[in-house]
Amino acid sequence: MTPSPRLVKTLINLWPPFLGAGIRVSRIATDWREVDVSLRLGLTNRNYVGVHFGGSLYAMTDPFFMLMLMNCLGRDYYVWDRAGRIDYLKPGRGRVNARFRLDETQLAEIRHHTAGGEKYLPEMTVDVVDHAGEVVARVHKTLYVRRKKDRR
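Quick notes on the rules
Residue numbers here run from 1 along each chain, matching the order of that chain's written sequence. Only residues with pLDDT of at least 70 are given local features in this predicted model, and only at 80 or more are side-chain atom pairs given and counted; all residues enter the totals for whole chains, interfaces and linings. For the side-chain quantities, the full set of heavy atoms in the structure was used; hydrogens and water were omitted. We call two strands paired when DSSP finds no fewer than two bridges between them. Under the scheme used here, helices are H or I runs from DSSP no shorter than 4 residues and strands are E runs no shorter than 2 residues, and both carry numbers assigned from the N terminus. Pairing of aromatic side chains here covers Phe, Tyr and the six-membered ring of Trp, requires ring centres within 6.5 Å, and sorts the geometry by plane angle: under 30 degrees stacked, over 60 edge-to-face, intermediate tilted. Note on classification: 1.4 Å probe, protein chains only; a residue is buried when its accessible area is under 20% of the maximum for its type, exposed when over 50%, partly exposed between these limits. For a Lys NZ or an Arg CZ to count as sitting over a ring, it must be within 6 Å of the ring centre and within 35 degrees of the ring normal. Within this document, salt bridges are pairs made up of a side-chain nitrogen of Lys or Arg and a carboxyl oxygen of Asp or Glu, the two lying within 4 Å of each other. The directions considered for the arc are those from the helix axis to the C-beta atoms. Only heavy atoms enter the contact rule, under which two residues are in contact if any of them lie within 4.5 Å.

1. A short note on the pairing of strand E1 (residues 23-28)
Then comes step 1: Examined bridge by bridge, E1 and strand E2 (residues 34-39) share 5 bridges and lie antiparallel to one another. Looking across to E2, one finds that Ile-28 is bridged to Val-35.

2. What about the packing of aromatic side chains?
Then comes step 1: Using the criterion set out here, one finds 4 aromatic pairs in the structure.
Then comes step 2: Taking 6.1 Å as the distance between ring centres and 40 degrees as the angle between the ring planes, the aromatic pair formed by Phe-18 and Phe-64 counts as tilted. Within this pair, whereas Phe-18 is found in helix H2 (residues 16-21), its partner Phe-64 is found in helix H4 (residues 64-73), the two being separated by 46 residues in sequence.
Then comes step 3: Owing to a relative accessible area of 4%, Phe-18 belongs among the buried residues under this scheme.
Then comes step 4: Residue class for Phe-64 comes out buried when judged on its relative accessible area of 2%.
Then comes step 5: An aromatic cluster is present here, built from Trp-15, Phe-18, Phe-64, Phe-65 and Phe-100 joined pairwise through their rings.
Then comes step 6: Its end group placed over the ring of Tyr-78, Lys-148 keeps NZ or CZ at 5.2 Å from the ring centre.

3. Topic: unusual backbone geometry
Then comes step 1: Phi angles above zero are rare outside glycine, and Trp-32 is one such case at about 65 degrees.
Then comes step 2: By the secondary structure assignment, Trp-32 is in the loop between E1 and E2.
Then comes step 3: Residue Trp-32 is classed as buried on the basis of its relative accessible area, which comes to 7%.

4. Considerations on the pattern of salt bridges
Then comes step 1: Tallied over the full model, the rule gives 13 salt bridges.
Then comes step 2: Two residues, Asp-76 and Arg-147, come together in a salt bridge whose shortest N-O distance is 3.9 Å. Of this pair, Asp-76 sits in the loop between H4 and strand E3 (77-88) while Arg-147 sits in strand E7 (residues 135-147), placing them 71 residues apart in sequence.
Then comes step 3: On the accessibility criterion, Asp-76 (26% relative accessible area) is partly exposed.
Then comes step 4: On the basis of relative accessible area, Arg-147 is assigned to the buried category, the value being 18%.
Then comes step 5: Linking Asp-87 and Arg-85 is a salt bridge whose minimum nitrogen-to-oxygen distance equals 3.0 Å.
Then comes step 6: A relative accessible area of 28% places Asp-87 in the partly exposed class.
Then comes step 7: Within this structure, Arg-27, Glu-34, Asp-36, Arg-99 and Arg-101 form a network of salt bridges that share partners.

5. Some remarks on the side chain of Asn-13
Then comes step 1: The residue Asn-13 is located in helix H1 (residues 5-14) in this model.
Then comes step 2: Given a relative accessible area of 7%, Asn-13 falls into the buried group.

6. A few points about helix H5 (residues 104-114)
Then comes step 1: Of the residues making up H5, those classed as buried are Leu-107, Ile-110 and Thr-114. Seen from one end, H5 has its buried residues packed into an arc of 60 degrees, which puts them on one side. With respect to the buried face of H5, the exposed residues turned more than 90 degrees away are Thr-105 and His-112.
Then comes step 2: The elements touched by buried residues of H5 are H4, E3, strand E5 (119-120), strand E6 (123-129) and E7.

Coordinates in, geometry out; function isn't part of it.
As structure tokens, then:
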């Protein structure tokens, strides 16, 4: 049985690394195609000069594309994070947000590339934005997706 988005949201928000860093999931869509995450600036996640610690900015984006794809594609697929990088574009102050989105075109492309059991390495991108909507960081995630052999 797959846990509901509501249960997953609750568990993620109680997970000690996210709780301690000030990371909060505000919404997971019932179809797993949208996730909204925020990070408040606090004593546990600011760096030496008083802005968001880069590791916290990356952590707030780390698991979500993988979780979304796992739930959108179902049990017939292996989904893993393969690589990630972050471009810091400006200092993050106050609360920052990331909005993860998957559309049917992306899912269809993944299904197409993995139909015969081949691995596929889609790259997903999410922006971390401040209260004014300015991009603080851009995160690039490469995922590993493969259709399970016994499910073809």
